[in-house]
Amino acid sequence: RSVSCRLACGDVEGRLEALFGRVRAIQSKSGRFDMLLCVGNFFGSTSETEWAEYRTGAKKAPIPTYVLGANDQETVSYFPDISGCELAENITYLGRRGLYSGTSGLQIAYLSGTETQDEPAPAYSFSAKDVAELKTSLLSTPDFKGVDILLTSPWPRDVGTFANSAGEIDTKKCGSKLVSDLAASLKPRYHFAALEKAYYERLPYRNHTVLQETPQHVSRFIALADVGNTSKKKYLYAFSIVPMSLMDPAELVKQPQDVTENPYRKLRKEAQKTKAPLCAEEEPACQFFFDLNKHQGKKRPSDEKERGNSQPKQAKKPSQPMGPCWFCLASPEVEKHLVVSIGTHCYLALAKGGLLPDHVLILPIGHYQSVVDLSSEVVEEVTKYKSALKEFFRSKGKRYVLFERNYRSQHLQLQVIPVPLDHCTSEDIKESFIIQAQEQQIELLEIPEHSDITQVAQPGTPYFYVELDTGEKLFHRIRGRFPLHFGRSVLASEALLALPQRADWRRCAAERAEEAAQARDFRPLRSVVTG
């Protein structure tokens, strides 16, 4: 049969009777399983008596059982051959590291032991070299897409990023970075681990970057508790799996509704940064990415110089507002005391009811609805304002976050909010936006590094957009309702500025004199564009 029914188990710690008794009960109720995969400590300090009966053949495991190696010096002696061997009838030690291919075609990667910095690694540990060799041996196989199952004893570090809570386990401190690196590279459909005496089934996560890479299968991480634990935490996990090699490709890459971002994304980015830079002849893969224009089959040039002799682009003229506009500079509705700086095409103003006293807006002088509608000269001036604000806020020990909501608004407002540098990192801000978007079923996607918003949104498309001072960008195409204060709410949340009471601007009104005084604090920016 192509569907394999498997059991996975956490730390056995020598409690063989308890484990196999439970397995027999499950099989009598649910039918036979193909194999039992054990992660964590298979042996414990009191294993000898029970183990002797299996080692001598007096008793036999009721199911083919595959185990990982020792995690401490004390249990090394139970594994006579470090490279893998049969320990007893129906009980096999897989080895230190490698790939086990079942007769059904199922591919199971495994890594025994706990992380060490020592080279060579002790018999109960793995090192960076072990992980690198395992990765190389698998990634070098033609058309490698990933493995069906990954078995490790330690959890991967940071597995809880973008995910449901792991309870009392702090996933930022627990586990192994090398295991995270291995999981990020091998893309297992199921990854089992133990050692923390806890059960945790993480939401499935993506193995591709949306908008940049073709869809890939998702991964599921499951940590299992110890056999016979008094807290009744789950230590056995039953699952059915069709080998990846036998699956219909479209079926394999289906994304479940509760899929999250990849928790090792930051790690993968750091790894990419350490790779050798591209040769001059090589183009970055996403340089011409995601052109939604109607010119099918043509690349969109990445900058004006590459356009060659093509016709110059017609300047977009601002449209006329349908009624009174609070943000067209010529409008009598504009509150002039909030204006900080006026350029040729844009102006800078203090936000009415700002999240913070130095919350500002970059606005076009003419009537444009969104960034996507702007003419090239307006875009150029917006860029100057962004650079000046970045420098200005950095001089005050802050980093800015910029966002735009092109939904239920008629005049472009680029909201620029400074966050103290010592308060949180850019990665913290990005993580908060992604997590809070997930909680509200908002698909917030990262725009490729070499692309901009005009490549993912057509004029008239409702969207929400975030830009960090690192240049990283997040985008959501609005297709139904959207929370109007989403951007402010994320920044005001306890995870960032801890000002939840200021999420709605209407509750943050200040006296006119106070607003005018705050606007005067931005005097250094008055001549940004004019020089």
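Nothing here was measured: the structure is a model prediction, and the numbers come from that model. (Residues numbered from 1 in each chain as written. Predicted model: local features only at pLDDT ≥ 70, side-chain atom pairs only at ≥ 80, totals over all residues. Heavy atoms only, no water.)

### Considering the sheet that holds strand β11 (residues 190-193)
Phase 1: Strand order in the open sheet formed by six strands is β6-β7-β10-β11-β13-β12, with mixed pairing between adjacent strands. The open sheet is flanked by β6 (97-101) and β12 (200-201), the only strands paired with a single partner.
Phase 2: Inspection of the sheet shows strand β7 (residues 107-111) paired to strand β10 (residues 149-152) by four bridges, in the parallel sense. Along β10, the bridge assignment pairs Ala109 with Leu150.
Phase 3: Here helix α3 (residues 128-139) sits on the sheet in contact with β6 and β7, set at roughly 35° to β6.
Phase 4: In this fold helix α4 (residues 177-186) packs onto β7, β10 and β11, with an angle of close to 170° to the strand it touches most, β10. (Pairing = 2+ DSSP bridges. Helix = DSSP H or I, 4+ residues; strand = E, 2+ residues; numbered from the N terminus. Contact = heavy atoms within 4.5 Å. Axes fitted to C-alpha atoms, helices over the stretch in contact; angles between N-to-C directions.)

### Some words on the pattern of salt bridges
Phase 1: According to the stated counting rule, one finds 27 salt bridges in the structure shown.
Phase 2: Here Lys172 makes a salt bridge to Glu431, at a shortest N to O gap of 3.7 Å. Taken together, the residues span a long stretch of sequence, with Lys172 in the loop between β10 and α4 and Glu431 in helix α8 (residues 426-439) at a distance of 259 residues.
Phase 3: Overall, Lys172 belongs to the partly exposed group, its relative accessible area being 47%.
Phase 4: One salt-bridge network, in which partners are shared between bridges, spans Arg206, Glu261, Arg265, Glu427, Lys430, Glu443, Glu446 and Glu472. (Salt bridge = Lys/Arg side-chain N within 4 Å of Asp/Glu carboxyl O. Buried < 20%, exposed > 50% of the residue type's maximum accessible area, 1.4 Å probe, protein only.)

### With respect to the side chain of Ser219
Phase 1: Locating Ser219 in the fold gives a position in the loop between β12 and β13 (220-223).
Phase 2: The contact partners of Ser219, leaving out residues within four places of it in the chain, are Lys187, Pro188, Arg189, Leu203, Pro204, Tyr205 and Asn207.

### Here we look at unusual backbone geometry
Phase 1: With an omega dihedral of -5°, the bond running from Glu119 to Pro120 counts as a cis peptide bond.
Phase 2: Relative to the assigned elements, Pro120 resides in the loop between β8 (114-115) and β9 (125-126).
Phase 3: A positive phi angle is found at Asn90, which is not glycine, with a value near 75°.
Phase 4: Within the secondary structure layout, Asn90 lies in the loop between β4 (85-88) and β5 (91-93).
Phase 5: Since its relative accessible area comes to 22%, Asn90 is described here as partly exposed.
Phase 6: Unusually for a residue other than glycine, Lys197 sits at a positive phi of about 55°.
Phase 7: When you line up the elements, Lys197 lands in the loop between β11 and β12.

### Thoughts on the nonpolar core
Phase 1: By size, the foremost hydrophobic cluster in this structure holds 34 residues, and its most contacted members are Val360, Ile362, Leu389, Phe393, Val416, Ile453 and Tyr463.
Phase 2: Counting only elements with at least two residues in this core, the list comes to β16 (346-350), β17 (360-364), α7 (376-395), β18 (398-406), β19 (414-420) and β21 (463-468).
Phase 3: The element contributing the most residues to this core is α7, with six residues. (Core = buried A, V, L, I, M, F, W, Y, C linked by side-chain atoms within 4.5 Å.)

### A short note on the sheet that holds β17
Phase 1: Read from one edge of the open sheet, eight strands run β15-β16-β17-β19-β18-β21-β22-β20, paired in antiparallel fashion. Each of the sheet's edge strands pairs with one partner strand only, and the pair in question is β15 (339-342) and β20 (445-446).
Phase 2: Pairing geometry for β18 and β19, over six bridges, is antiparallel. Of the residues in β19, the one forming a bridge with Arg399 is Val419.
Phase 3: Lying on the sheet, α7 is in contact with β15, β16, β17, β18, β19 and β21; it crosses β18 at an angle near 145°.
Phase 4: Against the sheet, α8 makes contact with β18, β19, β20, β21 and β22 (473-477), and its axis sits at roughly 165° relative to β21, the strand it touches most.

### Examining the confidence of the model for the protein chain
Phase 1: Counting all residues, the mean pLDDT for the protein chain is 85, and 86% of those residues have values of 70 or more.
Phase 2: When the criterion is pLDDT under 50, residues 275-314 qualifies, and its contacts beyond four places in sequence or with other chains add up to 43 contacts. (pLDDT = per-residue confidence, 0-100.)

### Describing the environment of Val419
Phase 1: Mapped onto the elements, Val419 comes out in strand β19.
Phase 2: Counting along the chain gives 63 residues from Val419 to Leu356, while the straight-line C-alpha distance between them is 9.2 Å.
Phase 3: Ignoring any residue separated from it by four or fewer positions in sequence, one finds Val419 in contact with Lys398, Arg399, Val401, Cys424, Ile429, Leu491 and Leu497.

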